[in-house]
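Structural description and commentary
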Amino acid sequence: MRPAGRGELDSLYFTYPHFPAPVRTPGPETRRPVVIAGAGPVGMTAALTLAQYGIRSLLLDRKDTFNDGSRAICISRSSYYILERLGALQPFLDKALGWTRGRSFYRGRQILEFDMPDSADEKFRPMYNLQQQYIEAFLWQAVTANPLIETRWQSEVTGISEEPQGVTLTVSDPGGSYALPAQWVLAADGARSAIRQMRGLRLQGENYEGRYVIADVQMAHDYPTIRRALFDPVSRPGGTVLIHRQPDNIWRIDYQLRDDESAEEATREENVRAAVAAVLAEIGQDSPWQLEWWSVYSANTLALEDYRDGRVIFVGDSAHIVPIFGVRGLNNGLADAQNIGWKLAFVLTGQAGEALIDSYTPERRGATLDVFANAGKSTRFMTPPDAGWRLMRDAALSLALTRSSAGRLANPRQMTPYTYAASPATASDDPAFSDGPIPGALMPDVALETGFLSDRMGPGFTLLRFGAGAAACDDPALTLVDLPADGPVGRAYGARPGTAYLIRPDLHIAGRWHQADATTLCQTLNRLLARTEETTA
Amino acid sequence: MTDADLERLYEAMAETLGTLPRTDHALYLAKLALALAETLDDTPQALAVIAECRQGLLPEGAPA
Ligand SMILES: Cc1cc2nc3c(=O)[nH]c(=O)nc-3n(C[C@H](O)[C@H](O)[C@H](O)COP(=O)(O)OP(=O)(O)OC[C@H]3O[C@@H](n4cnc5c(N)ncnc54)[C@H](O)[C@@H]3O)c2cc1C
């Protein structure tokens, strides 16, 4: 929502583009390998991932511009790796504000300062703040520069039917309605997914208590990019407030609503202004500020039972809705898009069997369920459900003044990427290892003499071979990287001469062998990619 | 004590409070503190913790 007198897209700092309706050539449409419904951040990331492997796609969106408002603003380190692999990272690096530190305040007093894990071996900071419309604009730059992606704005999916060769969508645009056949459909059509409804599927899970107003203001405010959490602040007794800095002098104020405040009342402009003014007074902001945009958000944990329904695959918010505190909504969606993107591309280019697609749900739904498991804890901390939880929460906050152990209770759950340990696309671990990252984990990066280990990864799978003469496998999907067993990577990976790590295109570890042999390696790669005799290269 | 252990205790206390009427929360917590202090069996340390927990509960600048 925006202040009276300003339209939904009337931003103080961002000019929304207007995308015209598509000009279609008359006649039936050919069957596309992949049609993506929804050109939000997740749909665009899926299209870019497919294109990286040479797969054409058609992106459809019913709107004529980007999403309104700044919505998701925290991009995690793991998402930066995704953007980097898509060749889309530079504008993000130029614009976003990286941060590592959080400060918590209890009744106006700072009680805790924490730093998220960071070191010289990390290529990116743990988190970056950037408004969602910039995220979409920067992805869009990459999409328009890519000849393998066609986009049709003002094009709404209104029907769907399945036949043996694939799926046919009904698409409506200002020129009329038409049938669009596809081998595969990625439903990236957001939290209210029309495709999900048309397929008769429902999100399962819980709606938590605890609603937040998220408001953006523009102001000159002197404070570094540090996430501030105000517990039981003077400005909102009993509530919780979060403050984030964004580029362009925009500040995000999230504040919790009391149980007796209706969302409708709370989101009226004068009430938002009053609430924001109280918070700003508390943090010592005495110069003028302008209200940019606001919205209301609640803490749901909802997900589809299966992210795949035949040849329709759900990605991003259409598949899951997660609470705001873990900053996982957008980040998990980008990881979904990358995960299904490389797998579908491998299947469509004949480098993998179709069964590879079945690893998508356990991996990505697993990541969502992991968020849910932590969501209960962080929600209980941020918005205690009853007097007992509140009293203990407040006690932990107050005790954090003298004890760092109590401060750790107040620490927001770490945004560590999910480990795909139990997945058909991950091998079981070699018990000979005593340390190093396990199969399924996101590969830890390591600083090299120049650059980082991640810079050396190939477009498909990569085999890290430690020491001279380590085994390999002759496979077009594989890039070989030779490393000394006693160097910094060897140490971080618990390697000795002969050790090998197989890394997937999404930089998760597919398998590792303390003493690798070529036959096991090749067989594992074939098995993880669900290759049958026809697909084996 | 590990962070996980501390969290378990924190949760057990919160859940127990949830089973009691609000008006008894202070009574329960005082009883708990007294019992834990006795179980600790270290009077100087218990006295130090008793003083420590007062910190941060008074307005800033008030005599400690
Ligand atoms: C008001 C609001 C505030 C939010 N705040 C936060 C926040 O503070 N932090 C956070 O982490 N996350 C937040 N989120 C969530 C975050 O914005 C989403 O997780 C993220 O946008 C998901 O991206 P997506 O591409 O899956 O879906 P979306 O961004 O919703 O994109 C879906 C796209 O599909 C299109 N579409 C829908 N139906 C059709 C159809 N039938 N045919 C064609 N196209 C269609 C839509 O036009 C849209 O462009 C917020 C969301 C909202 C709505």
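Read on for a plain summary of the structure. Everything numeric in this text was worked out from a predicted model, so none of it was measured.

What counts, and at which threshold
- Residues numbered from 1 in each chain as written.
- Chains lettered and ligands numbered in written order.
- Predicted model: local features only at pLDDT ≥ 70, side-chain atom pairs only at ≥ 80, totals over all residues.
- Heavy atoms only, no water.
- Helix = DSSP H or I, 4+ residues; strand = E, 2+ residues; numbered from the N terminus.
- Rg over C-alpha atoms; globule rule 2.2 N^0.38 Å.
- Buried < 20%, exposed > 50% of the residue type's maximum accessible area, 1.4 Å probe, protein only.
- Areas by Shrake-Rupley, 256 points an atom, 1.4 Å probe, with all protein chains shown as cover.
- Lys, Arg positive; Asp, Glu negative; His and termini not counted.
- Charge placed at Lys NZ, Arg CZ, Asp CG, Glu CD.
- Pairing = 2+ DSSP bridges.
- Axes fitted to C-alpha atoms, helices over the stretch in contact; angles between N-to-C directions.
- Disulfide = S-S within 2.5 Å.
- Near = heavy atom within 4 Å.
- Polar contact = N/O pair within 3.5 Å; in protein donor to acceptor, adjacent residues only side chain to side chain.
- Salt bridge = Lys/Arg side-chain N within 4 Å of Asp/Glu carboxyl O.
- Contact = heavy atoms within 4.5 Å.
- Core = buried A, V, L, I, M, F, W, Y, C linked by side-chain atoms within 4.5 Å.
- Phe/Tyr/Trp six-rings, centres within 6.5 Å; stacked < 30°, edge-to-face > 60°.
- Lys NZ or Arg CZ within 6 Å of the ring centre and 35° of its normal.
- Expected span 1.5 Å × (residues − 1).
- Buried area = accessible area lost by both parts, 1.4 Å probe.
- Nonpolar A, V, L, I, M, F, W, Y, C, P; charged D, E, K, R; others polar.

**Concerning the overall build of chain B**
On a plain count of helices and strands, chain B comes out with three helices and zero strands. Secondary structure elements in chain B, listed N-terminal to C-terminal, are α-α-α. At 14 Å, chain B has a C-alpha radius of gyration far larger than the 11 Å of a compact globule built from 64 residues. Judged by the C-alpha coordinates and their principal axes, chain B covers about 35 × 30 × 25 Å. For chain B, the residues scored as buried account for 14% of the 64 residues in total. Within the structure as shown, chain B displays about 5000 Å² of accessible surface, and the carbon and sulfur contribution to it stands at 63%. Placing the 4 positive and 11 negative side-chain charges of chain B at their respective mean positions leaves the two points 9 Å apart.

**As for the sheet that holds strand β4 (residues 97-99) of chain A**
Residue and element names in this part refer to chain A. If you trace the three strands from one edge of the open sheet to the other, you get β3-β7-β4, paired in antiparallel fashion. The open sheet is flanked by β3 (74-76) and β4, the only strands paired with a single partner. Strand-to-strand twist in this sheet, taken as the mean axis angle between neighbours without regard to direction, amounts to 30°. The pairing of β3 with strand β7 (residues 127-129) spans three bridges and is classified as antiparallel.

**Quick word on the pairing of strand β11 (residues 176-187) of chain A**
Residues and elements named next belong to chain A. Sheet topology note: the strand β1 (residues 32-37)/β11 ladder contains five bridges and is parallel. Residue pairing in the sheet places V34 in a bridge with W184 of β11. Bridging between strand β10 (residues 166-173) and β11 involves seven bridges; their strand directions are antiparallel. Looking at β11, one finds that L169 is bridged to L180. Connecting the antiparallel pair β10 and β11 is a turn made up of two residues. Relative to strand β18 (residues 312-314), β11 is paired through three bridges, and the arrangement is parallel. Directly across from V185, in β18, lies its bridge partner V312.

**Focus: the state of the cysteines**
All names here are of chain A. Taken as a whole, this structure holds one disulfide over all chains when the rule is applied. A disulfide bridge connects C473 with C522, and the sulfur atoms are separated by 2.2 Å. Here the residue C473 occupies a position in the loop between β20 (461-466) and β21 (478-483), and C522 occupies one in helix α13 (residues 518-528), the gap between them amounting to 49 residues.

**Some words on the site of the ligand**
All names here are of chain A. Lining the immediate environment of the ligand, one finds 28 residues, of which D61, N67, Q132, V157 and D317 sit closest. A distance of 3.1 Å is found between an oxygen atom of the ligand and a side-chain nitrogen or oxygen belonging to R252. One nitrogen or oxygen atom from the side chain of D317 is found 2.8 Å from an oxygen atom belonging to the ligand. Contact with the protein chains hides 90% of the accessible area of the ligand, taken as 990 Å² for the molecule alone.

**Concerning the pattern of salt bridges**
Residue and element names in this part refer to chain A. Enumeration according to the criterion identifies 44 salt bridges over all chains in this entry. Residue R199 is joined to E162 by a salt bridge in which the shortest nitrogen-to-oxygen separation is 2.6 Å. Of the two residues, R199 sits in the loop between α5 (194-198) and β12 (204-219) while E162 sits in strand β9 (residues 156-163), which places them 37 residues apart along the sequence. A residue is classified by how much of its surface remains accessible, and R199, at 19% relative accessible area, is buried. With its nearest N and O atoms 2.8 Å apart, the salt bridge here joins D429 to R512. Linking D429 in the loop between α11 (404-410) and β20 with R512 in strand β23 (residues 509-513), this pair joins segments that are 83 residues apart in sequence.

**Things to note about the sheet that holds β23 of chain A**
All names here are of chain A. Taken in spatial order, the four strands of this open sheet run β21-β20-β22-β23, and their pairing is mixed. With partners counted over all chains shown, the strands left at the sheet margins are β21 and β23, one partner each. When the angles between neighbouring strand axes are averaged without regard to direction, this sheet yields 15°. In this structure, strand β22 (residues 500-503) lies alongside β23, joined through four bridges in antiparallel fashion. Note on β23: the bridge partner recorded for Y501 is R512. Running at roughly 160° to β23, α13 makes contact with β20, β21, β22 and β23 of the sheet.

**Comments concerning the nonpolar core**
All names here are of chain A. Within the largest apolar cluster, 123 residues are counted, with the highest numbers of intra-cluster contacts made by F92, L169, L186 and L464. Residues within four places of F92 in sequence aside, it is in contact with I75, Y80, L83, L130, I135, F138 and L139. Of all hydrophobic cores here, the second largest spans 23 residues; its members include M219, W251, Y255 and L280.

**With respect to the packing of aromatic side chains**
Residue and element names in this part refer to chain A. The final tally for this structure, using the stated rule, is 28 aromatic pairs over all chains. A ring pair is formed by F346 and F461, whose centres lie 5.9 Å apart and whose planes are at 70°; its orientation type is edge-to-face. Of this pair, F346 sits in helix α8 (residues 329-348) while F461 is found in strand β20, placing the two residues 115 residues apart along the sequence. A residue is classified by how much of its surface remains accessible, and F346, at 1% relative accessible area, is buried. Under the relative-accessibility criterion, F461 is labelled buried at 1%. Stacked on the ring of Y223, the Lys or Arg R228 has its end atom at 3.5 Å from the ring centre.

**Re helix α4 (residues 132-144) of chain A**
Taking 1.5 Å as the rise per residue, α4 of chain A with 13 residues should run 18 Å; its terminal C-alpha atoms sit 18 Å apart, in good agreement. For α4 of chain A, the tally of buried residues reaches 11 of 13 residues, placing the bulk of the element in the interior.

**Some thoughts on the interface of chain B and chain A**
Much of the literature gives interface size as the accessible area that the parts lose upon coming together. Listed per partner, the contact involves 22 residues of chain B and 22 residues of chain A. Summed over both partners, the interface of chain B with chain A buries about 1900 Å², with 61% contributed by carbon and sulfur atoms. Of all residues in chain B, the largest losses of buried area upon contact with chain A belong to E7, Y10 and E52 of chain B, amounting jointly to 31% of the total for that side. Applying the counting rule to chain B against chain A returns two salt bridges. If you look at where chain B meets chain A, you find three residue pairs in polar contact (both at pLDDT 80 or more). Those elements that place two or more of their residues in the side of chain B that touches chain A are α1 (3-18), α2 (25-40) and α3 (43-52) of chain B. The leading source of residues in the side of chain B that touches chain A is α1 of chain B, at 10 residues. Each residue belonging to the side of chain B that touches chain A can be placed in one class, and the counts come to 11 nonpolar, four polar and seven charged.

**Description of the environment of K343 of chain A**
All names here are of chain A. In this structure, K343 sits in helix α8. Residue class for K343 comes out buried when judged on its relative accessible area of 0%. Separated by 274 residues in the primary sequence, K343 and G69 have C-alpha atoms spaced 32 Å apart. Residue contacts for K343: discarding those within four places in its chain leaves L356, I357, S359, Y360, E363 and R504.

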